[in-house]
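Coordinates in review
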Amino acid sequence: MNLKPSICIDALFEGTPTAEAIALVAKLGYPAFEFWMWWEKDLPQVMQARDAHSLKIAACCTKFVSLVDAQVRDLYLEGLQESIAAAKQLDCPVLISQVGDFLPEVDLEDQHDSLVAGLKAAAKMLEGTNITLAIEPLNEQVDHAGYYLVESDEAFEIVEKVASPNVKVTFDIYHQQISEGHLIHNITSNIEKIAHFHAAGNPGRHELNLGEIHYPAIIEAIQKTDYDGYFGLEYWPEADAETGLLEAKLLF
Ligand SMILES: O=C(O)C(=O)CO
């Protein structure tokens, strides 16, 4: 199956006005783009630029409220309600969700259970939509000290417990290389629980061909599965963004 690349405009074209960044995605021949905080974007402008260039929106984030903290679950679900409305408006298939920081004063098992309970409530809200909420493990060594969800195994276990087609994982290859490695095995043996990928080179979080991760093999392995979601390029270019993206396109 061919993998559909998507460009995270907030990372690749950081500082570039949104409409200009979206035009660049089209100019470089990519089919889709994504961004983080929909509530900070001018959505009519985003949709206008998307349609003017015949692009798709691959993903955006839901509001950053903790899921491990049961005390703020209602607030998380309120944010999700707004994010679902935005995703419908944008025709965006994936809402990426962070889960919040580890709470040192709360039992570890209770934090895990809170995540599962919050996602079960979220699944009910997503039922009947074409939107998938995708929880994202992040690395704690380099970028997100104190974050709760680090191991992909726990993310997949949570998704299994929630047991909804609308709740899956965003597998960020850069984060998981730092946290655990064993990328192709972890991806291919859990592919049906993955709704979105993020990719960057490591170390540095730059272009895919810089560093230790062998993306051609990873992409080939994903292409041999039934995965039909997007593969988001979420990196900060070390060199010229456009040249790097033209090179990266050859991977797909
Ligand atoms: O915050 C991060 O590091 C992310 O990967 C967001 O997608």
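Residues numbered from 1 in each chain as written. Predicted model: local features only at pLDDT ≥ 70, side-chain atom pairs only at ≥ 80, totals over all residues. Heavy atoms only, no water.

**Let's talk about the pairing of strand E4 (residues 94-97)**
Two faces belong to every sheet, and in a regular strand the side chains alternate between them. Side chains Val94 and Ile96 of E4 all project onto a buried face; the interleaved residues Leu95 and Ser97 project onto the opposite face, where all are buried too. In this sheet, E4 lies alongside strand E3 (residues 56-61) in parallel orientation, the contact comprising three bridges. The residue bridging Cys60 from the neighbouring strand is Leu95, located in E4. Note that E4 and strand E5 (residues 132-135) share four bridges and pair parallel. Residue pairing across strands places Leu95 opposite Leu133, the latter belonging to E5. For the handedness criterion, the β-α-β arrangement of E4, helix H5 (residues 108-126) and E5 is classed as right-handed. (Buried < 20%, exposed > 50% of the residue type's maximum accessible area, 1.4 Å probe, protein only. Helix = DSSP H or I, 4+ residues; strand = E, 2+ residues; numbered from the N terminus. Pairing = 2+ DSSP bridges. Right-handed = clockwise from strand over helix to strand, strands pointing away.)

**Details of the packing of helix H3 (residues 43-52) against helix H4 (residues 73-90)**
Each pair of packed helices can be described by the angle between their axes along with the distance between the axes. Running from amino to carboxyl end, H3 crosses H4 at an angle of 30 degrees, the nearest separation of the two axes being 10 Å. Judged by the angle between their axes, H3 and H4 are roughly parallel. Note on packing geometry: the crossing formed by H3 with H4 is right-handed. Contacts from Leu43, Val46, Met47 and Arg50 of H3 reach H4 at Ala86, Gln89 and Leu90. Tallied by class, residues from the contact of H3 with H4 come to five nonpolar, one polar and one charged. (Axes fitted to C-alpha atoms, helices over the stretch in contact; angles between N-to-C directions. Parallel < 35°, antiparallel > 145°, perpendicular 65-115°, else oblique. Left-handed = near helix turned anticlockwise from the far one by under 90°. Contact = heavy atoms within 4.5 Å. Nonpolar A, V, L, I, M, F, W, Y, C, P; charged D, E, K, R; others polar.)

**As for the environment of Pro93**
The topology assignment puts Pro93 in the loop between H4 and E4. Each C-alpha atom of the pair Pro93 and Thr132 lies 6.2 Å from the other, and the pair is 39 residues apart in sequence. Setting aside chain neighbours within four positions, we find Pro93 in contact with Ile57, Ala58, Asn130, Ile131, Thr132 and Tyr230.

**Focus on the UniProt feature "domain: Xylose isomerase-like TIM barrel" (unreviewed entry) in the protein**
This chain's UniProt record puts "domain: Xylose isomerase-like TIM barrel" (unreviewed entry) on residues 22-242. Between the end C-alpha atoms of residues 22-242 the distance is 13 Å, and the span holds 40% helix and 16% strand. (UniProt positions renumbered as here; feature names shortened; annotations may be inferred.)

**Re H4**
In a regular helix each residue adds 1.5 Å, so 18 residues correspond to 26 Å; H4 covers 25 Å between its end C-alpha atoms and thus fits that length. Among the residues of H4, those classed as buried are Tyr76, Leu77, Gly79, Leu80, Ser83, Ile84, Ala86, Ala87 and Leu90. Turning to H4, the residues buried within the fold contact strand E2 (32-37), H3, E3, E4, H5 and E5. (Expected span 1.5 Å × (residues − 1).)

**Examining the packing of aromatic side chains**
Per the counting criterion, the structure on display carries ten aromatic pairs. The interplanar angle of 75 degrees and the centroid separation of 4.9 Å between the aromatic rings of Phe197 and Tyr227 together place this pair among those described as edge-to-face. Here Phe197 is found in strand E7 (residues 194-199), whereas its partner Tyr227 is found in the loop between helix H9 (215-223) and strand E8 (230-233), with 30 residues between them in sequence. Put simply, the rings of Phe156, Phe171, Phe197, Tyr215, Tyr227, Phe231 and Phe252 pair up and form one aromatic cluster. (Phe/Tyr/Trp six-rings, centres within 6.5 Å; stacked < 30°, edge-to-face > 60°.)

**What about the UniProt feature "active site" (unreviewed entry) in the protein?**
Listed under "active site" (unreviewed entry) in the UniProt record, and renumbered for this structure, are Glu136 and Glu234. A maximum C-alpha distance of 13.3 Å places the annotated residues, which cover 99 residues in sequence, within one compact spot. By the element assignment, Glu136 lies in the loop between E5 and helix H6 (152-162). Beyond its immediate stretch of four places on either side in the chain, Glu136 contacts Ile96, Ser97, Gln98, Tyr147, Leu149, Thr170, Asp172, His175 and His198. Tracing the backbone shows Glu234 in the loop between E8 and helix H10 (241-249). Sequence-distant contacts of Glu234, defined by excluding residues within four places in its chain, comprise Cys8, Ala11, Leu12, Trp36, Asp172, His198, Ala199, Ala200 and Arg205. Polar contacts involving the side chain of Glu234 include one to the side chain of Arg205, which spans 3.0 Å. (Polar contact = N/O pair within 3.5 Å; in protein donor to acceptor, adjacent residues only side chain to side chain.)

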